[in-house]
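Chain by chain, the residues:
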Amino acid sequence: MVVMSIIFLMQEGMPGAEYNVIVRKVFDDEEEGYEFYNNYAKGKGFSVRINYCEWDIGHNERILQHFVCSCQGFREEKELKRENKKRKPRNITRFGCPTRLVIARDQNTGQWHVKDFICEHNHPMVEQDLACLLRSHRRIRDEQKADIVAMQISGIRKHQIMDIMEMLYGGYDKVGFTKRDLYYFCHCNKVQTVATGDAQTVISYLTMQM
């Protein structure tokens, strides 16, 4: 359903028609709303993040959710002016972009409707073939995780695993995640494995690090 909605928006190609379609959208829950907006963002060439939410009086359920462009906001001024920097400062990635989708929960039906939608950006979009590498669109799928763990246990280095993935999927942009994502997953998986006490797997990990 979400995919068909995105295809429809791409075919329309008209900002006014696109706006009218989106503001009439209704979702079963906030996760479905995020999935819709994230797919929409991928088609346009930008990344999204969850920025803000409101809860009911008892703080039991969310009633309002803001999804924004990842370029929303600005870096804190203290970070820009900090003199004693041990690390090289990261590139500026926030430009105060106003783009957002706000959805609210109807207390009677439990469904979520669009309360606010702004589609104007103040920065260039990423080329379509590179949009999959933006943060909210990157994901290591379960079957890929299984392959990565299997290759690690076999003694294959992480940079070699990434090379194999690129060959399997036909290029870096087709894998669905970056080398940094791979390293982070391997680290988290190693920590979890040690924590659960799988002795044989722990020995394999330690052997690989020697």
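Keep in mind that this is a model prediction, so the values were computed, not measured.

Moving on to the pairing of strand 3 (residues 62-69). Of all eight residues in strand 3, six are buried, a share of seventy percent or more. Direction of pairing for strand 2 (residues 48-55) relative to strand 3: antiparallel, over a ladder of seven bridges. Bridge assignment links Trp-55 to a residue of strand 3, and that residue is Arg-62. Linkage of strand 2 to strand 3, two consecutive antiparallel strands, is achieved through a turn of six residues, within which His-59 is found at a positive phi near 55°. Pairing between strand 3 and strand 4 (residues 100-105): five bridges, direction antiparallel. Residue Phe-67 lies in a different strand from strand 4, and its bridge partner there is Leu-101.

Below, the discussion takes up the state of the cysteines. Tallied over the entire structure, the rule returns zero disulfides. For the unlinked cysteine Cys-69, the closest cysteine sulfur is that of Cys-97, found at 3.9 Å. Among the cysteines around Cys-71, which has no disulfide bond, Cys-69 carries the closest sulfur, lying 4.3 Å off.

Chain-level statistics for the protein chain give a pLDDT mean of 82 and a share of 76% at 70 or above. This stretch, residues 6-14, has a pLDDT under 50; its non-local contacts, to residues over four places away or in other chains, come to twelve contacts.

Pairing in this open sheet of five strands is antiparallel, and the strands run 1-5-4-3-2 from one edge to the other. Among the strands making up the open sheet, the edge pair consists of strand 1 (26-27) and strand 2. Contacting strand 1, strand 2, strand 3, strand 4 and strand 5 (112-118), helix 3 (residues 30-44) runs over the sheet at an angle of about 10° to strand 3.

Between its first and last C-alpha, helix 5 (residues 142-153) extends 17 Å over twelve residues, near the 16 Å set by a 1.5 Å rise per residue. All buried positions along helix 5 are accounted for by Gln-144, Ile-148, Met-151 and Gln-152. Burial along helix 5 is one-sided: seen end-on, the buried residues are contained in an arc of 100°. One or two steps after helix 5, the chain reaches Gly-155, where phi turns positive at roughly 95°.

Our focus in this paragraph is the environment of Phe-185. Looking at the element boundaries, Phe-185 is found in helix 8 (residues 179-196). Excluding its chain neighbours within four sequence positions, the residues that come into contact with Phe-185 are Ile-140, Lys-145, Ile-148 and Val-149.

Before going further, it helps to examine the packing of helix 5 against helix 6 (residues 158-169). Two numbers describe how helix 5 lies on helix 6: the axes approach to 10 Å, and their chain directions differ by 135°. The angle between helix 5 and helix 6 places the two elements in the oblique class. Remark: the crossing between helix 5 and helix 6 carries right-handed chirality. Side by side, helix 5 and helix 6 meet where Gln-144, Asp-147, Ile-148, Met-151 and Gln-152 of the first sit next to Lys-158, Ile-161, Ile-164, Met-165 and Tyr-169 of the second. For the contact of helix 5 with helix 6, the class distribution of residues is six nonpolar, two polar and two charged.

The next thing to look at is unusual backbone geometry. Look at His-59: it is not a glycine, yet its phi comes out positive at around 55°. Relative to the elements of secondary structure, His-59 occurs in the loop between strand 2 and strand 3. What makes His-59 exposed here is its relative accessible area of 52%.

What counts, and where the lines are drawn
Residues numbered from 1 in each chain as written. Predicted model: local features only at pLDDT ≥ 70, side-chain atom pairs only at ≥ 80, totals over all residues. Heavy atoms only, no water. Buried < 20%, exposed > 50% of the residue type's maximum accessible area, 1.4 Å probe, protein only. Helix = DSSP H or I, 4+ residues; strand = E, 2+ residues; numbered from the N terminus. Pairing = 2+ DSSP bridges. Disulfide = S-S within 2.5 Å. pLDDT = per-residue confidence, 0-100. Contact = heavy atoms within 4.5 Å. Axes fitted to C-alpha atoms, helices over the stretch in contact; angles between N-to-C directions. Expected span 1.5 Å × (residues − 1). Arc of directions from axis to C-beta. Parallel < 35°, antiparallel > 145°, perpendicular 65-115°, else oblique. Left-handed = near helix turned anticlockwise from the far one by under 90°. Nonpolar A, V, L, I, M, F, W, Y, C, P; charged D, E, K, R; others polar.

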